[in-house]
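Each chain, written out:
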Amino acid sequence: MTETTRASWGSKLGVMLAAAGSAVGLGNLWRFPFCTAQNGGGSFLVIYLLCSFTIGLTLVFAEAALGMKVKSDPTDAFGWIHPKLKFIGGLCVFTSMIILPYYSLVGGWILAYVVKIFSMSSATDFGTAFSDFAASPVEPLIFFYVYLVGSAVVVYFGIQNGIEKFSKIMMPILFILLLVLTGRVLMLDRAWEGVKFFFRPDFSKLTGETLMNAMGQVFFSVSVGMGIYITYGSYVKDDTVTVSQLMRPVIVLDVLVSLLAGLMIFPAVFSFNVPVNAGPSLIFITLPQIFVSIPFGRFFGFLFFVILLGAAATSSISLFEVAVTFMCDQMKMTRQKAVVGFSAVCLFVGTFVSLSFGKLSGFKIGGKILFDQFDFLASNILLPLGGLLTCIAVGWILKSGRLIVFKNGIMQKGFEICIKWIAPVFIVLILLKGLELI
Ligand code: PFF
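*Asks:* Just to check I follow, could you spell out the overall build of the protein for this structure?
*Replies:* When you go through the protein residue by residue, the secondary structure sums to 17 helices and two strands. The C-alpha extent of the protein, read off along each of the three principal axes, is 60 × 50 × 45 Å. The 438 residues of the protein split such that 60% are buried. Considering only intrachain contacts with a sequence separation of at least 6, the fraction spanning at least 24 residues in the protein is 83%. Split by element, the accessible area of the protein, about 17,200 Å² in all, is 69% carbon and sulfur.

*Asks:* Any chance you could explain the packing of helix 2 (residues 26-38) against helix 10 (residues 208-221) here in plain terms?
*Replies:* In contact at an axis separation of 10 Å, helix 2 and helix 10 are set at 175 degrees when each is read in the N-to-C sense. The orientation of helix 2 with respect to helix 10, classified from their angle, is roughly antiparallel. Where helix 2 approaches helix 10, its residues Gly27, Asn28, Arg31, Phe32 and Cys35 are matched on the opposing element by Gly216, Gln217, Phe220 and Ser221. Residue composition of the contact of helix 2 with helix 10, by class: three nonpolar, five polar and one charged.

*Asks:* Whenever I open this one, the environment of Thr54 confuses me. Can you help?
*Replies:* When you line up the elements, Thr54 lands in helix 3 (residues 42-70). Taking relative accessible area as the criterion, Thr54 reaches 37% and is therefore assigned partly exposed. For the pair Thr54 and Leu309, spaced 255 residues apart in sequence, the C-alpha to C-alpha distance is 29 Å.

*Asks:* Help me understand the nonpolar core in this model?
*Replies:* A general feature of soluble globular proteins is that nonpolar side chains tend to end up buried together. Residues Met247, Phe284 and Phe304 are the most contacted members of the largest nonpolar core, which totals 166 residues. Non-local contacts of Phe304, meaning those with residues more than four positions away in its chain, are made with Leu181, Met264, Ile265, Ile283, Leu287 and Phe291.

*Asks:* What am I meant to see in the site of the ligand here?
*Replies:* Around the ligand, 15 residues are found, and the nearest of them are Leu26, Gly27, Tyr103, Ser223 and Met226. Note that an oxygen atom of the ligand is positioned 2.7 Å from one of the side-chain N or O atoms of Tyr103. At 3.0 Å from a nitrogen atom of the ligand is found a main-chain nitrogen or oxygen belonging to Ser221. Isolated, the ligand exposes 330 Å² of accessible area, and the fraction of that covered by the protein chains is 100%.

*Asks:* For this particular structure, what's the right way to read the side chain of Glu321?
*Replies:* Here Glu321 lies in helix 14 (residues 297-330). Among the polar contacts made by the side chain of Glu321, one reaches the side chain of Thr325 at a distance of 2.6 Å. A polar atom in the side chain of Glu321 sits 2.8 Å from the side chain of Arg335. Aside from chain neighbours lying at most four places away, what touches Glu321 is Val155, Ile159, Ile163, Thr231, Tyr232, Tyr235 and Arg335.

*Asks:* I'm lost on the environment of Ile294 in this one. Help?
*Replies:* Turning to its location among the elements, Ile294 is positioned in the loop between helix 13 (286-291) and helix 14. Counting along the chain gives 172 residues from Ile294 to Ser122, while the straight-line C-alpha distance between them is 9.9 Å. Excluding residues within four positions of it along the chain, Ile294 makes contact with Arg184, Leu188 and Phe272.

What counts, and at which threshold
Residues numbered from 1 in each chain as written. Predicted model: local features only at pLDDT ≥ 70, side-chain atom pairs only at ≥ 80, totals over all residues. Heavy atoms only, no water. Helix = DSSP H or I, 4+ residues; strand = E, 2+ residues; numbered from the N terminus. Buried < 20%, exposed > 50% of the residue type's maximum accessible area, 1.4 Å probe, protein only. Contact = heavy atoms within 4.5 Å. Areas by Shrake-Rupley, 256 points an atom, 1.4 Å probe, with all protein chains shown as cover. Axes fitted to C-alpha atoms, helices over the stretch in contact; angles between N-to-C directions. Parallel < 35°, antiparallel > 145°, perpendicular 65-115°, else oblique. Nonpolar A, V, L, I, M, F, W, Y, C, P; charged D, E, K, R; others polar. Core = buried A, V, L, I, M, F, W, Y, C linked by side-chain atoms within 4.5 Å. Near = heavy atom within 4 Å. Polar contact = N/O pair within 3.5 Å; in protein donor to acceptor, adjacent residues only side chain to side chain.

Here it is in structure tokens:
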């Protein structure tokens, strides 16, 4: 696509909210609370905050700066650093093809809960109800198709009329609902116990493992390692706006939503005396159980799942956009054709991923069902690998001085040290841990 015909964002606020929408998602509202619980509460929080504002920020800034400079898809962005690095862009597209189907499947489950919460009763055995639902051959597929096609429609309408408009509506609603729900939960009996657990650091619980879990969480939560900010940055037309002006709020909002999620989930969990480290089943089993047993709980449960749905949707559309931008810029397809083509691939792949909870549960790769294998491949290998390659490309191969992200010399120096040394070392550790080599 030539520069003159390339689409662009309508406003600074639009890019910021779309980028924040990509970062804010299930990682903040679902993964962060149980990761915190499993890693000792407040001490994990401290490390998470430190990692977000150093390594997370550095990678987001590097990706966005690349996109804003090259104004093309990740393949061209890395190709600009060195022609032999184009393959990193290809890896980004491949990663989006792995994450989108299973992330959308969870999106479909959430959509199902939005619809079903009012008909749930306190007599339901939520554990069985959830596993029966996930394993059934048709129902989760229908919700998954609706969710994925919904995300596709937003991307179909383009950068300004689709993604930007959707994010501008969704993000403020999300924040308001989150504040309302957190306020309600904080009024529960014994809510304070949960707040204390969340904020009181117990540094005796701090181990190397905690550190790596926090890093892994930051990685997933800010959506780095697969060219999302390169893609979104490539549509920034205004050359006077700086990377840090656009992207600092993204990190701040991402952290803020994680904090609100903690303030919503821990008080609820402590107040109802359910195990604090329930793990991934927290939002589909433990929380619905709580919602149906408090006054107006179903209404608040509905709000909770609407929040999750909005947060997941803005992340899904960013995953979509990476592949669509690639298909438009490299394969010269129209946006409409690219959206239809990529949706078809994801619907096809996602169908097998969904069936891996039921009919295909016997089909395992490396001892894992397809869903777990996709999650493992994306979170433990592809995202850290993409991040590591970004650090090497920007920190080592790109000649210094060509990617200025801060006007302030000291901050710029800090950025360079982080991208060259600190981030790669940590990412290698995450990779080794993800592969269970350490
Ligand atoms: N950052 C999103 C979340 O917190 O849910 C998840 C995500 C989106 C991860 C896109 C990775 C990604 F490429």
